[in-house]
Amino acid sequence: MVYPQGKKNYLVNGVPTSGWFSVDYSINDLSQVLLTQEVLSRTDKFDASSFILTVEDVQKQAKPPALWLNIQHDMFYTQHNLSMRSYVLSLAKRVILNYVSSAEVVFLSSVARTFKGTKTKFIFRFIDEAAIEPSTNQTYGSLLKNLTFIKTFASGILVPKQYIYPVTSDFYLQPHTSFVLDAHKEGLEVFASGFANDAIISYNYSYDPLAEYLSFVDNGIFSVDGVLTDFPKTASEAIGCFSHIQANNSEHGKPLVISHNGASGTYPDCTDLAYQQAVKDGVDFIDCPVQMTQDGTLVCMSSLNLIDVTTVTTSPFSSRFSVIPEIQGVPGIFAFNLTWEEISKNLKSTISSPDVDYQLYRNPRYKNAGNFMKLSDFLDFAKDKALSGVLISIENAAFLAEKLGYSVTDGVIKALKDSGYDNQTVQEVMIQSSNSSVLVKFRQQTKYQLVYMIDESISDAAPSSIADIKQFAHSVAVSKQSIFPESLKFVIGQTELVKKLKSAGLNVYVYLLRNEFVSQPWDFLSDPTAEINQYVQDAGVDGIITDFPGTATAYKRNACSKLGDKAPKYMVPVHVGDLLGLMAPESLPPALAPMPVLEVSDVAEPPLPPASRGTGGNAGSPASQPSGGPPRSVVASVMYLAMLSGFLLLI
C-alpha cells in the first residue's frame, strides 16, 4: 500500500519468489510501513499500530531476559551485497546475543568460529526434511542423520515438532521418535518449533495447547530443552507450573469441575466413554441431562431432539418427525418419539462439534463411539467412582407433564432412591434446572443441592430476584458473558454479578468453557487455561462447567495455584480492557448492546402441572394416552404429513 510499484521477482534459495523485499528499502523507507497480522484466523485490530522494529528497538523496548537472533536467507542477502555475518558481528558489540540460529550450514559455521569462547549459543535450524539446504545442497533429512557433523559448529538444533512426535494425516499422534535422545547423546540441545495455540494440533490433546507442551517436556522419557512458540504465556505455564505434577495430586475442592455431557470434548455426549473419560480426568461431578423416552425410560442425553446427538436421520425411524413449538420452532425427532429399546439398539451417538463452521472437529475417529446410558445405569456407574457427586439436569419438565403426562421430576427422585443415593453420604447429588418450578419441587421433597441455571446472558440481578432464588436454590450457574462481557471477542468489562450472588450466600458456577481456541476472547490468548484462571482468580467462581474436564482438573493441580502474590506473571489474570488500550480508536470493537437485568418476574414460575402417567424411570409404557387427544403416533403422523405438505408447497 505504501509502495504499490515496489513488487519484484527474485530467486530465493533457487526458488522464484514474487513480492516486496527488505533489500530494496532503507530502514527510513520502512518507517512508513505498518505490520499486519499474517495469520488470518487472528485479529487484525492491531494492524494500525504495529511498526517494524530493529533488533536494538526490541532490546530497548522489551528488555528481554535473553535474545535469540534467527538469521534467514544469508545466501540471498549475499547476492545483494549485504553481509549477514558482518551484521551479526557488529550487532554483538551493542546487544548481548544469547542465541543465534540459522538454517544455513556455511553461514552458521563461519559465524560460530568467530564467537568461539563466548556465551553465545549457535543453533542449527532444520526445516522440512525434503527441502534442500542451500549451502551444502543436501536435504535436511540427510543432515538429520549426521548429528555428529552438526555438533562441529552448533551447540543445539531447532526442529519442527513433528520430527519428535509425528502426526498421521488425520491428526493423531504416532509414537515419538528417538530424535531427542539421539541428539542429547551427541551433546546437542534440542529446541522444538511450530507451536501455536490457534493451530490445529493432534486430537490426542483435545484442543489443549498446554497438554501438547507437556508431552514434549514431561513425558517420563525425554524433555526438549526449549520451545519456539507464538504464545509464550502458555509454554511458560506448562513448564513453570504444570510439569512434573502427580496426576492424582488433586482434591475435590473448589473450584468444582463439573462435566458438561461427560467429557464431551473427547467423546460423544453422555455416552459411557464420555463419562469414563471424565472420571479418568479427575472431574468432581459428572452430569446427566435427563430426557424421557416413549416408554417412560429416563436416559442421559444432551438434547431432547435426537437429530442433534444421534444417527436417527439415517435410521429406520427417520420419518418420525414432529413439530413441538414449546421446545423448538423446527421439526425434530424427539426422545419421546422412540422407546429406549429402539434408541439403544438402532441409533449411534454423534460427537458434538460446536465450532464446525471453523473446520474444528472433535475426535473424528470416535465420532460415533460409545453407548447411551439410562439414568439408572449412570447412577450405578458413578456410585463407586472417586467423585464428589453427580449433577442431574432437568429441562422441559412442565411440557412433559402437561402434554405427555410424564413426571420427570418424580422419575428422577425415584431413580435416586432406587440407586441408594438417599442412604449414603459419600457423594453429593445436585439437581440443575433453568426452571424454578422444578427446583421448588425438589426443595419440598428432597435434601439435594439445587442449582438454578440462568439461561440468558445478564448484566445484573435485582435484589428481589436474588432473594427469590435463595428460596429454592443453593447455587447459580451463569454464562461467561454474564461475568466478562465481550464484543467482537474482546472483553470489554466485568460485571458485579458473581460478587452479588456470592454475597447472598449462593455458589456460582460458570458455563460453558471449551478448549477450542475460537471459543475464548482474544484477551486469553487462545489459552483455555488462561481463561479458567481468569474466572477462578479474578471473578472468584466456585465451579466450572466444561466440555473438557481434563483441562480444568489439570489447572487445579498446578504448582502455582497457591502462590498468591508470589505467582509468576504468566499466571496472573489479565487486566480487563488492556487489549482495548493498545488499539487505534478506529479499530475499537462496537459498544455492546445492554444486557438485561434479572428481575423476579424472570425467576418466578407457577408450580409444575400434575402428571397423569407414572414417574418415568423404569416405569414401563404408559397405561393410557393423554386425555383429550389422539394417540401420540397419530399426532406425529399428522404433524409429519402437514410438514410434508408445506415442504411440497414451498417446492
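Structure report, in brief.

Rules of the game
- Residues numbered from 1 in each chain as written.
- Predicted model: local features only at pLDDT ≥ 70, side-chain atom pairs only at ≥ 80, totals over all residues.
- Heavy atoms only, no water.
- Helix = DSSP H or I, 4+ residues; strand = E, 2+ residues; numbered from the N terminus.
- Buried < 20%, exposed > 50% of the residue type's maximum accessible area, 1.4 Å probe, protein only.
- Axes fitted to C-alpha atoms, helices over the stretch in contact; angles between N-to-C directions.
- Parallel < 35°, antiparallel > 145°, perpendicular 65-115°, else oblique.
- Left-handed = near helix turned anticlockwise from the far one by under 90°.
- Contact = heavy atoms within 4.5 Å.
- Nonpolar A, V, L, I, M, F, W, Y, C, P; charged D, E, K, R; others polar.
- Salt bridge = Lys/Arg side-chain N within 4 Å of Asp/Glu carboxyl O.
- Pairing = 2+ DSSP bridges.
- Expected span 1.5 Å × (residues − 1).
- Polar contact = N/O pair within 3.5 Å; in protein donor to acceptor, adjacent residues only side chain to side chain.
- Arc of directions from axis to C-beta.
- Right-handed = clockwise from strand over helix to strand, strands pointing away.
- Phe/Tyr/Trp six-rings, centres within 6.5 Å; stacked < 30°, edge-to-face > 60°.
- Lys NZ or Arg CZ within 6 Å of the ring centre and 35° of its normal.

## A word on unusual backbone geometry
Reasoning step 1: In this structure, Leu 512 follows Tyr 511 across a cis peptide bond, with omega equal to -10 degrees.
Reasoning step 2: Tracing the chain through its elements places Leu 512 in strand S22 (residues 507-513).
Reasoning step 3: Phi is positive for Asn 13, which is not a glycine, with a value near 55 degrees.
Reasoning step 4: Tracing the sequence through the fold places Asn 13 in the loop between strand S1 (8-12) and strand S2 (15-19).
Reasoning step 5: Under the relative-accessibility criterion, Asn 13 is labelled partly exposed at 38%.
Reasoning step 6: Its identity is not glycine, yet His 244 carries a phi of approximately 55 degrees, on the positive side.
Reasoning step 7: Here His 244 is to be found in the loop between helix H10 (232-242) and strand S11 (256-259).

## Topic: the packing of helix H4 (residues 84-91) against helix H5 (residues 105-114)
Reasoning step 1: In the contact formed by H4 and H5, the axes pass within 10 Å of each other and the chain directions differ by 30 degrees. In terms of orientation, H4 and H5 fall into the roughly parallel class. H4 and H5 meet at a crossing whose hand is right-handed. Residue-level inspection shows Met 84, Arg 85, Val 88 and Leu 89 of H4 in contact with H5, the latter providing Phe 107, Ser 110, Val 111 and Thr 114.
Reasoning step 2: Of the residues in the contact of H4 with H5, the class split is 5 nonpolar, 2 polar and 1 charged.

## Some words on the pattern of salt bridges
Reasoning step 1: Counting across every chain of the model gives 25 salt bridges.
Reasoning step 2: Notably, a salt bridge pairs Asp 542 with Lys 254, separated by 3.4 Å at the nearest N-O pair. One end of the pair, Asp 542, is in the loop between helix H20 (528-539) and strand S23 (543-546); the other, Lys 254, is in the loop between H10 and S11, with 288 residues separating them in the sequence.
Reasoning step 3: Using a relative accessible area of 56% as the deciding quantity, one classes Lys 254 as exposed.
Reasoning step 4: Residues Glu 342 and Arg 320 are paired through a salt bridge, measuring 3.1 Å at the closest nitrogen-oxygen approach. Taken together, the residues Glu 342 in helix H13 (residues 340-346) and Arg 320 in the loop between helix H12 (306-309) and H13 connect sequence positions 22 residues apart.

## Some remarks on the sheet that holds strand S5 (residues 121-125)
Reasoning step 1: Taken in spatial order, the 6 strands line up as S3-S4-S5-S8-S9-S10 in an open sheet, and their pairing is parallel. Looking along the sheet, the strands with just one partner apiece sit at the ends: strand S3 (68-71) and strand S10 (226-229). Sheet twist, expressed as the average angle between the axes of neighbouring strands with direction ignored, equals 25 degrees.
Reasoning step 2: Of the pairings in the sheet, the one linking strand S4 (residues 99-102) to S5 comprises 4 bridges and is parallel in character. Considered in S5, the bridge of Ser 101 is made with Ile 123.
Reasoning step 3: Set on the sheet, helix H9 (residues 209-217) makes contact with strand S9 (189-195) and S10; between it and S9 the angle comes to about 160 degrees.

## A few points about H20
Reasoning step 1: In a regular helix each residue adds 1.5 Å, so 12 residues correspond to 16 Å; H20 covers 16 Å between its end C-alpha atoms and thus fits that length.
Reasoning step 2: Residues of H20 that are buried include every one of Pro 528, Thr 529, Ala 530, Glu 531, Ile 532, Asn 533, Gln 534, Tyr 535, Val 536 and Ala 539, and no others.
Reasoning step 3: On the buried face of H20, the contacting elements are H9, H10, helix H19 (497-503), S22, S23 and helix H21 (549-557).
Reasoning step 4: Put simply, Asp 527 is the residue that caps the front of H20, since its side-chain oxygen is 2.9 Å from the backbone nitrogen of Thr 529.
Reasoning step 5: Backbone geometry just downstream of H20 places Gly 540 in the positive-phi region, at approximately 80 degrees.

## Details of helix H18 (residues 463-470)
Reasoning step 1: Of the positions making up H18, those classed as buried are Ser 465, Ile 466 and Ile 469. Each buried residue of H18 sits inside an arc of 100 degrees when the element is viewed along its axis, so together they form one side.
Reasoning step 2: In this fold, the buried residues of H18 make contact with strand S17 (449-453), strand S18 (460-461), strand S19 (475-479), H19, strand S24 (597-598) and helix H22 (600-603).

## Here we look at the pairing of strand S8 (residues 156-160)
Reasoning step 1: Buried residues dominate S8, accounting for 5 of its 5 residues.
Reasoning step 2: Residues Gly 156, Leu 158 and Pro 160 of S8 are buried on one face, and the alternating residues Ile 157 and Val 159, pointing to the opposite face, are buried as well.
Reasoning step 3: Here S5 pairs with S8 via 3 bridges, running parallel. The residue of S8 that forms the bridge with Ile 123 is Gly 156.
Reasoning step 4: Assessed by its sense of winding, the connection that carries the chain from S8 through helix H8 (residues 179-185) to S9 is right-handed.

## Observations regarding the environment of Phe 381
Reasoning step 1: Relative to the elements of secondary structure, Phe 381 occurs in helix H14 (residues 375-383).
Reasoning step 2: Residue classification places Phe 381 among the buried positions, given a relative accessible area of 15%.

## Observations regarding the packing of aromatic side chains
Reasoning step 1: Taken as a whole, this structure holds 31 aromatic pairs when the rule is applied.
Reasoning step 2: Seen from their ring centres, Tyr 10 and Phe 76 are 5.8 Å apart, and the 70 degrees between their planes marks the pair as edge-to-face. Taken together, the residues Tyr 10 in strand S1 and Phe 76 in helix H3 (residues 74-79) connect sequence positions 66 residues apart. Each member of the pair, Tyr 10 together with Phe 76, is buried.
Reasoning step 3: Judged by centre distance (5.8 Å) and plane angle (80 degrees), the ring pair of Tyr 99 and Phe 191 falls under edge-to-face. Separated by 92 residues along the polypeptide, Tyr 99 in strand S4 and Phe 191 in strand S9 bring together distant segments of the chain.
Reasoning step 4: The structure contains a cluster of three or more aromatic residues connected by ring pairs, namely Phe 124, Phe 126, Tyr 140, Phe 149, Phe 153, Tyr 163 and Phe 179.
Reasoning step 5: The cationic tip of Lys 161 hangs over the ring face of Phe 195; the distance from NZ or CZ to the ring centre is 5.2 Å.
Reasoning step 6: In this structure, Lys 385 packs its charged tip against the face of Phe 381, placed 4.1 Å from the ring centre.

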